[in-house]
Amino acid sequence: MQNDELMRRVHTCLIAEAELWGAGSARARLERLPGVIAALSPAAPDRSLFNCVVPDSLAALEPAYPKLARAFADAGVRAFTVWVGPDDRAMADFLAARGHKLDSRPAAMAAAMSELAIPEAGDLDWEATRDLGLLARINDQAYGFPPPAFEAALTHWPPEGSWRGYLARVDGRPAACVIVYESPDGDCGVTGVASLPEARGRNLAGRLLGRALAEALKRGATSTSLQASPLGRPVYAKMGYRELGEMGMWEHRVS
């Protein structure tokens, strides 16, 4: 599978994530404009991860930006981010001129399923779960987010049912989780990968992701994509994910 096609699938996964954030809590909603989708999550007004814009291009973002900025402000959102593709200097400059600052550079990573070295489960105690609140709590505790964060932004699944949750336990207690999205074109998009601090060093999340990927492969997935933090990059690279370039999360925050 060519890198251009894999990058397209990364973008599709980002759109699906925006749809997850934009449907995950009582007052959350989506703004859809030509070539742009935005998630508004007033339940977590200071967390730009959940209040995000995914544009197809600068040409689509420019006319949509004023309306989107007003929508975030009217919803009481104090921080929102715009996802910028690798090496898109023009979009980065456009956002910088409007007060955005580069907040993070996750790596776009993807692979054909046939390229992966999927980790064995070994003695992993794991299960599929629909307990979204539990998955959200694990993410908050893993990343040290003060509330409101994941647990406020994710209280229920989107209605279409393409999202799945996976849980690993240690001594019967929840310890790690993975959330995946299975797209109509056969991609298994990955997000919400987290391990509790006291459970790290056992490759729980990596082995659990392996189980999620194996399940997706059974259902016909042909590729997988994600956005990786610096700590996650070597883990995913070892599994066979290709680095496709650094994304930019350009945040606008009201002090």
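About the criteria used
Position numbers for residues count from 1 along each chain, tracking the sequence in the order it is written. Given that the model is predicted, a residue must reach a pLDDT of at least 70 before its local features are reported, and side-chain atom pairs must reach 80 or more before they are shown or counted; all residues, however, enter totals for whole chains, interfaces and linings. The side-chain figures draw on all heavy atoms in the structure; neither hydrogens nor water molecules are used. One bridge is not enough; two strands pair if DSSP finds at least two bridges between them. Only runs of H or I of at least four residues qualify as helices and only runs of E of at least two qualify as strands under DSSP, and these elements are numbered from the N terminus. In this description, a line fitted to the C-alpha atoms serves as the axis of each element, helices being fitted only across the stretch in contact, and the angle between N-to-C directions of two axes falls anywhere from 0 to 180 degrees. Pairs of residues are marked as contacts when any of their non-hydrogen atoms sit within 4.5 Å. Here the expected length of a helix is defined as 1.5 Å per residue gap, with one fewer gap than residues. A 1.4 Å probe rolled over the protein chains alone gives each residue an accessible area, and that area as a share of the maximum for its type sets the label: buried under 20%, exposed over 50%, partly exposed in between. Within this scheme, the nonpolar core is defined by two criteria: the residues are buried Ala, Val, Leu, Ile, Met, Phe, Trp, Tyr or Cys, and they are joined through side-chain atoms within 4.5 Å. Working definition: rings of Phe, Tyr and Trp (its six-membered ring) pair if their centres are within 6.5 Å, and the pair is stacked with planes under 30 degrees apart, edge-to-face with planes over 60 apart, and tilted otherwise. To get the bend at a residue, fit one axis to the 7 residues ending there and another to the 7 starting there, then take the angle between the axes.

**Student:** What's the story with the sheet that holds strand β6 (residues 107-112) in this structure? I'm lost.
**Tutor:** Adjacent strands of a sheet form backbone hydrogen bonds with each other and so pair up, either parallel or antiparallel. Spatially, the 7 strands line up as an open sheet ordered β7-β8-β9-β10-β11-β6-β12, and their pairing is mixed. Each having just a single partner strand, β7 (125-129) and β12 (242-246) make up the two edges of the open sheet. With direction set aside, neighbouring strand axes in the sheet form an average angle of 25°. Seen against the sheet, helix α4 (residues 132-143) touches β7, β8 (163-170), β9 (173-182) and β10 (187-195) and runs at an angle of roughly 60° to β10. The sheet strands contacting helix α6 (residues 204-218) are β7, β8, β9, β10 and β11 (223-228), and the helix crosses β9 at an angle near 40°.

**Student:** I would appreciate a short explanation of α6 in the present structure.
**Tutor:** Every α-helix carries 3.6 residues per turn, so stepping three or four residues along brings you back to the same face. Taking 1.5 Å of rise per residue, the 15 residues of α6 would be expected to cover 21 Å, and the 21 Å separating its terminal C-alpha atoms lies within 8% of that figure. In terms of residue burial, α6 counts as a mostly covered element, since 12 of its 15 residues are buried. Those residues of α6 lying buried are L204, A205, G206, R207, L208, L209, G210, R211, A212, L213, A214 and A216. At its buried positions, α6 is contacted by β7, β8, β9, β10, β11 and α7 (233-239).

**Student:** Help me understand the nonpolar core in this model?
**Tutor:** Considering soluble globular proteins, one finds that nonpolar side chains tend to be buried as a cluster. Ranked by size, the top nonpolar core spans 37 residues in total, and within it W21, F50, W83, I138, L154 and W163 carry the most contacts. Elements with a minimum of two residues in this core: α1 (3-21), β2 (36-40), β3 (52-55), β6, α4, α5 (150-153), β8 and β9. Per-element accounting of this core gives the leading share, 7 residues, to α1. In contact with I138, other than residues within four places in its own chain, are L167, P174, A176, C177, A194 and L196. A111, A175, A199 and A205 belong to the second largest nonpolar core, which has 31 residues in total.

**Student:** Teacher, can you tell me more about the packing of aromatic side chains here?
**Tutor:** For any pair of aromatic rings, the description consists of the separation of the ring centres together with the inter-plane angle of the planes. The tally for this structure, following the rule as stated, stands at 11 aromatic pairs. Between Y65 and F80 the ring centres are 6.4 Å apart and the planes differ by 45°, which places this aromatic pair in the tilted class. Here Y65, found in helix α2 (residues 58-74), pairs with F80, found in strand β4 (residues 79-84); they are 15 residues apart in sequence, far enough to count as distant. Residue classification places F80 among the buried positions, given a relative accessible area of 6%. Through pairs of rings, three or more aromatic residues link up here, namely W21, F50, Y143, F145 and F150.

**Student:** Looking at this structure, how should I read α2?
**Tutor:** Helix length check: α2, at 17 residues, gives a terminal C-alpha distance of 24 Å against a target of 24 Å (1.5 Å per residue), a fit within 8%. Of all bends in α2, the biggest is about 55°, found at A64, and the proline P66 comes one to four residues later. For α2, the full list of buried residues reads L58, A60, L61, A64, Y65, L68, A71 and F72. Lining the buried residues of α2 we find β1 (29-33), β2, β3, β4, α3 (89-96) and β13 (248-253). One or two positions beyond α2, positive phi appears at G76, with a value near 80°.

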